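Residue-level structural notes
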Amino acid sequence: MARVYNFSAGPSMLPEPVLQRAADEMLDWQGTGQSVMEMSHRSKAYESIIHKTEELVRSVMKVPEDYHVLFLQGGASLQFHMIPLNFMTGTKKADYIQTGAWSQKSVEEAQKLGTINIVGSSKDKKWSYLPTPANLDPKADYFYYCYNNTIEGTQFHQVPQAAVPLVTDISSGILSQPFDVSKHAVVFAGAQKNLGPAGVTLTLVKKDFVSRIPAGLPAMLDFKTHIDSGSMFNTPPCYAIYIVGLVLQWIVDQGGADRLYAANAQKAKVLYDYLDSSPFFYSPVEKKDRSLMNVPFLTRTADPEAAEVLNKKFVKEAEAVGLVNLAGHRSVGGMRASIYNAMPLAGVHRLVDFLKDFAAKNA
Ligand code: PMP
């Protein structure tokens, strides 16, 4: 079967050259006679893989020297708890801006450990915009935001201003465009969108933040454990880390985050321009806050039941022509196209052609 254009929000499309290289190296990684999946994580061969991957993270993301680079497990979701557990340890208060389902989950986890000050929320308009932060607490241990809201399709195009250290969940925006790590104390991302397969989470921690970590945390939840062991306290997700390395090398080959940004901006423009001009479909997200990576859209059909029928029909017919995973998140319905780095422009053009065709037939 031919490969499809996969608009999944994650796990999502990986660059074809990465999959091809992984296939070529599957049985014998660079003359070792073993698959990376079979290697001891303590072997010289695997050490070279994880070190190279860390080097690539540092160079591709321009990570300053005074940051730790960690490959962790438990998904981005575990970071929702680990971050307050390790770093909300001064006043035990933190500022969070509520911009969607994932930031909501991070708030709920942090509330188990301290006092969370909500400095803005867009819940009033179904998360369709990004609120301006207000009433920030100068004594907060940190300010937390979700850089790109995967489900709702909003993105911070500017780093929020705060007097306290910044923490961000960059899961669905990582390496989609240049990003200033140095303005943040902690940056984390589940890999399964722009970085690689599910199973590994990348976390960057500014070194001077480590002094905040209290003694006596459970070993696996203590950032010091992972820092001191080079992400090798226990068996790391070896194969996922190896694929992250291949994806980062692919990004280098594309010309880095700047070049990907240009391509991503073009893809997003093609899709948003169509949605904004369509009498049939529309984007519910305020223009200034739209995500380059996740594009939710709806039909203008007023009757919710009729809209639901149309959405289902759309998703089914799209799948039949090789445009897959276009259903919106189960919590919001409608449709969503995730157009991460690995989605070619041709895929977005195919989608827009399909949208036009569907609108003509169903209007
Ligand atoms: N944050 C964001 C922005 C996400 O999109 C996701 C998952 N799609 C998560 C956190 C949760 O990630 P995980 O499934 O790796 O725990």
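Note that this is a predicted model, so its numbers are computed, not measured.

The rules behind each value
- Residues numbered from 1 in each chain as written.
- Predicted model: local features only at pLDDT ≥ 70, side-chain atom pairs only at ≥ 80, totals over all residues.
- Heavy atoms only, no water.
- Pairing = 2+ DSSP bridges.
- Helix = DSSP H or I, 4+ residues; strand = E, 2+ residues; numbered from the N terminus.
- Axes fitted to C-alpha atoms, helices over the stretch in contact; angles between N-to-C directions.
- Contact = heavy atoms within 4.5 Å.
- Right-handed = clockwise from strand over helix to strand, strands pointing away.
- Domains from an automatic or database assignment.
- Buried area = accessible area lost by both parts, 1.4 Å probe.
- Salt bridge = Lys/Arg side-chain N within 4 Å of Asp/Glu carboxyl O.
- Polar contact = N/O pair within 3.5 Å; in protein donor to acceptor, adjacent residues only side chain to side chain.
- Nonpolar A, V, L, I, M, F, W, Y, C, P; charged D, E, K, R; others polar.
- Expected span 1.5 Å × (residues − 1).
- Buried < 20%, exposed > 50% of the residue type's maximum accessible area, 1.4 Å probe, protein only.
- Arc of directions from axis to C-beta.
- Near = heavy atom within 4 Å.
- Areas by Shrake-Rupley, 256 points an atom, 1.4 Å probe, with all protein chains shown as cover.
- Phe/Tyr/Trp six-rings, centres within 6.5 Å; stacked < 30°, edge-to-face > 60°.
- Lys NZ or Arg CZ within 6 Å of the ring centre and 35° of its normal.

Strands sit in the order β2-β10-β9-β8-β5-β3-β4 across an open sheet of seven strands; the sheet is mixed. Whereas interior strands pair on both sides, the edge strands pair on one side only; in this sheet they are β2 (67-72) and β4 (115-121). Each neighbouring strand pair of the sheet contributes to a mean axis angle of 15°, computed without reference to strand direction. The pairing of strand β3 (residues 93-98) with strand β5 (residues 143-146) spans two bridges and is parallel. Across the sheet, Tyr96 pairs through a bridge with Tyr144, a residue of β5. In this fold helix α4 (residues 101-111) packs onto β3, β4 and β5, with an angle of close to 160° to the strand it touches most, β3.

On to the pairing of β4, then. Pairing analysis gives five bridges linking β3 to β4, with the strands arranged parallel. Looking at the pairing, Tyr96 lines up with Ile118 of β4. Taken together, β3, α4 and β4 constitute a β-α-β crossover, and its handedness is right-handed.

Glancing now at the domain arrangement of the protein. As far as domains go, the protein holds domain 1 (16-253) and domain 2 (256-362). Between domain 1 and domain 2, the residue contacts involve 23 residues of the former and 25 residues of the latter. In this assembly, domain 1 packs against domain 2 so that about 2,000 Å² is buried in total across both faces, 54% of it on carbon and sulfur atoms. Our count for the contact surface shared by domain 1 and domain 2 stands at zero salt bridges. Our enumeration of links across domain 1 and domain 2 arrives at 13 residue pairs in polar contact (both at pLDDT 80 or more). Going through the elements one at a time, β7 (154-155) and α6 (238-254) are the ones with two or more residues in the side of domain 1 that touches domain 2. Broken down by element, the residue count for the side of domain 1 that touches domain 2 peaks at three residues, all from α6. Looking at the side of domain 1 that touches domain 2 residue by residue, the classes come out as nine nonpolar, 12 polar and two charged.

For helix α2 (residues 44-60), built from 17 residues, the straight-helix expectation of 24 Å at 1.5 Å per residue is met to within 8% by its first-to-last C-alpha distance of 24 Å. Listed as buried for α2 are Ala45, Tyr46, Ile49, Ile50, Thr53, Leu56, Val57 and Val60. Take α2 and look down its axis: the buried residues cluster within an arc of 135°, on one side only. Exposed and facing more than 90 degrees away from the buried side of α2 are Lys44 and Glu55. Looking at the buried residues of α2, the elements they touch are β2, β10 (201-206) and α6. At the C-terminal side of α2, Lys62 shows a positive phi close to 50°.

So, about the site of the ligand. Close to the ligand lie Gly75, Ala76, Ser77, Phe80, Trp102, Cys146, Asn148, Thr150, Asp169, Ser171, Gln192 and Lys193, which account for all nearby residues. Ser77 is positioned with one of its side-chain polar atoms (N or O) 2.6 Å from an oxygen atom of the ligand. Residue Trp102 places a side-chain N or O atom 3.3 Å away from an oxygen atom belonging to the ligand. In the complex, the protein chains occlude 85% of the 400 Å² of accessible area that the ligand would expose alone. Per-element tally for the shell around the ligand: the top contributor is helix α3 (residues 75-87), with four residues.

Our focus in this paragraph is the pattern of salt bridges. This structure, assessed with the given rule, holds 13 salt bridges. Linking Lys288 and Glu286 is a salt bridge whose minimum nitrogen-to-oxygen distance equals 3.4 Å. In this structure, a network of salt bridges that share partners links the residues Asp276, Lys287 and Arg290.

Below, the discussion takes up the packing of aromatic side chains. Scanning all chains against the criterion turns up 20 aromatic pairs. Seen from their ring centres, Phe314 and Phe354 are 5.3 Å apart, and the 65° between their planes marks the pair as edge-to-face. On the criterion of sequence distance, the pair formed by Phe314 in helix α8 (residues 304-320) and Phe354 in helix α9 (residues 345-362) is long-range, its members being 40 residues apart. Exposure class is identical for Phe314 and Phe354. Each is buried. Seen from their ring centres, Phe314 and Phe358 are 5.2 Å apart, and the 80° between their planes marks the pair as edge-to-face. Pair noted here: Phe314 is in helix α8 and Phe358 is in helix α9, with a separation of 44 residues, a long-range link. Assigned by exposure class, Phe314 and Phe358 land together as buried. Grouped by ring-pair contacts, the aromatic residues Phe80, Tyr96, Trp102, Tyr142, Tyr144 and Phe188 constitute a single cluster. Against the face of Trp102 rests Lys105, its NZ or CZ located 4.8 Å from the ring centre. The ring centre of Tyr129 lies 5.5 Å from the NZ or CZ of Lys125, which sits over that ring.

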